[in-house]
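Remarks on the overall topology
Each chain is listed here by its residues.
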Amino acid sequence: MSKFWSPFVKDLVPYVPGEQPKLARLVKLNTNENPYGPSPKAIAAMQAELNDSLRLYPDPNGDRLKQAGADYYGVQSSQVFVGNGSDEVLAHAFHGLFQHGKPLLFPDVTYSFYPVYCGLYGIAFETIELDQQFQIRVEDYARPNGGIIFPNPNAPTGCLLPLEAIERLLQASPDSVVLVDEAYIDFGGQSAIALVDRYPNLLVTQTLSKSRSLAGLRVGLAVGHPELIEALERIKNSFNSYPLDRLAIAGAAAAFEDRAYFDKTCAAVIDSRDAVVAGLQRLGFEVLPSAANFVFVRHPQHEAAELAARLREQGVIVRHFKQARIAQFLRITIGAPEQNRALLDALNAL
Ligand SMILES: *Cc1c(COP(=O)(O)O)cnc(C)c1O
C-alpha cells in the first residue's frame, strides 16, 4: 500500500498462477502444459522470423494468424480476434461485453481468474452452484444476468457440457453474451464455434497454450459475431496496438496449419489420460469424468493438501485449491507416459 497508488489498487485480489519452479527435473503436473512440445513447423516458422525484421513493429491486426485461425475453424477472419494469451482476450471480453449493471453468472467451481477480472473492471457477479456431480446445470442460468461465462470442459473439474446444453443456454439468455472458454476443448469435446453463425450472443475463446503446446508464446483467440469481435478490437486498440509480436504471429499461424502434429499429440494425451485414470482408480481415487488434459480426483482416505505436499517431496507437483468445496481434490495434468508413471509410482509409495 502506498499513497501513490490509485485507490482501487488496494482492493484488487490478483490471480495466483500455478507454480513455475526454477528447479528442473521436477515432474510438473500442476499447470496443464502439454508434455509434447510445439509443432516443429511452428518452431521453424519462428526461427525464420528471428532476423532484422524485428526492428519493425508487427502487424497490429495479426492478419496472418487471424486467417490461419479462421481457416482452421471454418469461419471468416472478421469473426476472429487474437490476443496475448486467452487470458488477455478474456480480460477484453469482461471489459467490453460484461458491464451491463446486471450480474455476470459463472459456476461456483471454475477458472479462478473470472472473479479477478470482475474485481478489476468493477463487474458484479453471481456464482451458480455445480450439481452434486460437479456438472453445470444450464437451467440454473435462466435468470436475469449481464452475461454468462464458463470453461468447457470446465476447469478445474474437466467435466464437459454437450453442445445441445450450450444451445439451450444461448436460447434462454438471448440478450446476454455467453462466453464459452474452450481452453481444453481439443482433448475430447466439440467446439461451440459450430454455433457462432446462429447465435450472435455467443463468443468462444481458444488458446494455443494447452493443445498446441505454446503456453510460453502467449497466444489466444476469440471467435464470434463480427460485432462482438469489434468490441474486443476497440478495447485492444485502446490498450495495446501490438499484443502479439512477430514470432507469436508466425509461430501460432504455423501451429494451426500443422494439423497432423496437432492430431497426433492430442490423441497421445487422450490415451495417456485413460491410462492415468485407470491407474488412479486402482489406487482408490475417485476421478471426475474428464474431457481435458487433466483429471480432478479425490481419495476417500487421504487429505488432498497432505497428498500434494508429500508428492512434492517426491518431486511431483500437482495443483491443490483451497476453496472449501474442492479442498479434498487434486488437479493433476496429464503428462508424458514416463511422468504419469512417476506420478503413479509416487502415489503408490505413499
Ligand atoms: C489455461 C487457461 C486459460 C488461459 O490460457 P492462456 O491462453 O495461456 O492465457 C484460460 N481459461 C482457462 C479455463 C484455462 O485453463
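Residues numbered from 1 in each chain as written. Predicted model: local features only at pLDDT ≥ 70, side-chain atom pairs only at ≥ 80, totals over all residues. Heavy atoms only, no water.

We count it as follows: UniProt positions are given in the numbering used here, feature names are shortened, and annotations may be inferred rather than shown by experiment.
If you look the chain up in an unreviewed UniProt entry, it shows as Histidinol-phosphate aminotransferase from Pseudomonas benzenivorans. Recorded in UniProt under Subunit (unreviewed entry), the annotation for the chain is "Homodimer." In its Cofactor (unreviewed entry) section, the UniProt entry covering the chain states "pyridoxal 5'-phosphate".

Observations regarding helix α1 (residues 40-49)
In an α-helix, one full turn covers 3.6 residues, which means residues spaced three or four apart are oriented alike. Using the following cut-off: Each residue is placed in one exposure class: buried if its accessible area under a 1.4 Å probe, protein chains only, is under 20% of its type's maximum, exposed if it is over 50%, and partly exposed if it falls in between. Starting at the N terminus, helices and strands are each numbered in turn, a helix being any DSSP run of H or I of at least four residues and a strand any DSSP run of E of at least two. Summarising the geometry, the arc corresponds to the directions from the helix axis toward the C-beta atoms. By definition, residues are in contact when any of their heavy atoms lie within 4.5 Å. Between N or O atoms, a polar contact is any pair within 3.5 Å; within protein, one atom must be a potential hydrogen donor and the other a potential acceptor, and residues adjacent in sequence are included only when both atoms are from side chains.
Turning to α1, its buried residues number three or more, namely Ala 42, Ala 45 and Met 46. The buried residues of α1 occupy an angular sector of 95 degrees when projected down its axis, which confines them to one face. Along α1, the residues that are exposed and aim more than 90 degrees away from the buried face are Pro 40, Lys 41, Gln 47 and Ala 48. In this structure, the buried residues of α1 make contact with α7 (246-257). The N-cap of α1, judged by a side-chain oxygen 3.0 Å from the amide nitrogen of Lys 41 a few residues on, is Ser 39.

Here we look at the UniProt feature "domain: Aminotransferase class I/classII large" (unreviewed entry) in the chain
Mapped onto this structure's residue numbering, the UniProt feature "domain: Aminotransferase class I/classII large" (unreviewed entry) falls at residues 26-347. Here residues 26-347 is 38% helix and 15% strand, with 15 Å between the C-alpha atoms at its ends.

Details of the packing of aromatic side chains
We describe a pair of aromatic rings using the distance from one ring centre to the other and the angle between the two ring planes. Applied cut-off: Pairing of aromatic rings covers Phe, Tyr and the six-membered ring of Trp, with a centre-to-centre limit of 6.5 Å; geometry is then stacked below 30 degrees between planes, edge-to-face above 60, and tilted otherwise.
Under the criterion given, the structure shown has 18 aromatic pairs. Measuring from ring centre to ring centre gives 6.0 Å for Tyr 72 and Phe 262, while their planes differ by 85 degrees; the resulting arrangement is edge-to-face. Pair noted here: Tyr 72 is in helix α2 (residues 63-73) and Phe 262 is in helix α8 (residues 259-282), with a separation of 190 residues, a long-range link. Seen from their ring centres, Phe 296 and Phe 329 are 4.6 Å apart, and the 10 degrees between their planes marks the pair as stacked.

Notes on the sheet that holds strand β13 (residues 330-333)
As a reminder, the rule being used: At least two bridges found by DSSP between two strands is the condition for calling them paired.
What the four strands build is an open sheet, ordered β9-β10-β13-β12; its pairing is antiparallel. The open sheet terminates on both sides in strands that have one partner only, identified here as β9 (286-287) and β12 (319-320). By the bridge criterion, two bridges tie β9 to strand β10 (residues 294-298) in an arrangement that is antiparallel. By the bridge assignment for β10, Glu 286 is matched with Arg 298.

Observations concerning α7
The cut-off we apply is this: Expected helix span is given by 1.5 Å per residue-to-residue step, counting one fewer step than there are residues.
With 12 residues, α7 should reach 16 Å at 1.5 Å per residue; the first-to-last C-alpha distance of 17 Å fits that figure. Within α7, 10 of the 12 residues are buried, leaving the element largely enclosed by the surrounding structure. Along α7, the residues that are buried comprise Arg 246, Ala 248, Ile 249, Ala 250, Gly 251, Ala 252, Ala 253, Ala 254, Ala 255 and Phe 256. Buried positions along α7 lie against α1, α2, β8 (220-224) and α8. Its side-chain oxygen 2.9 Å from the backbone nitrogen of Leu 247, Asp 245 forms the N-cap of α7.

Let's talk about the pairing of β8
The buried count for β8 comes to five of five residues, which makes it a mostly enclosed element. Alternating positions in β8 separate into two faces, Gly 220, Ala 222 and Gly 224 on one and Leu 221 and Val 223 on the other, with burial throughout. The pairing of strand β2 (residues 80-83) with β8 spans four bridges and is antiparallel. Following the sheet pairing, Gly 83 is matched in β8 by Gly 220. Examined bridge by bridge, strand β7 (residues 202-207) and β8 share five bridges and lie antiparallel to one another. Following the sheet pairing, Leu 203 is matched in β8 by Gly 224.

Quick notes on the pairing of β7
Of all the six residues making up β7, six are buried; the element is thus mostly covered by neighbouring parts of the structure. Where burial is concerned, the two faces of β7 agree: the one with Leu 202, Val 204 and Gln 206 and the one with Leu 203, Thr 205 and Thr 207 are both buried. Relative to β7, strand β6 (residues 178-181) is paired through four bridges, and the arrangement is parallel. Bridge pairing in β7 links Val 180 to Val 204.

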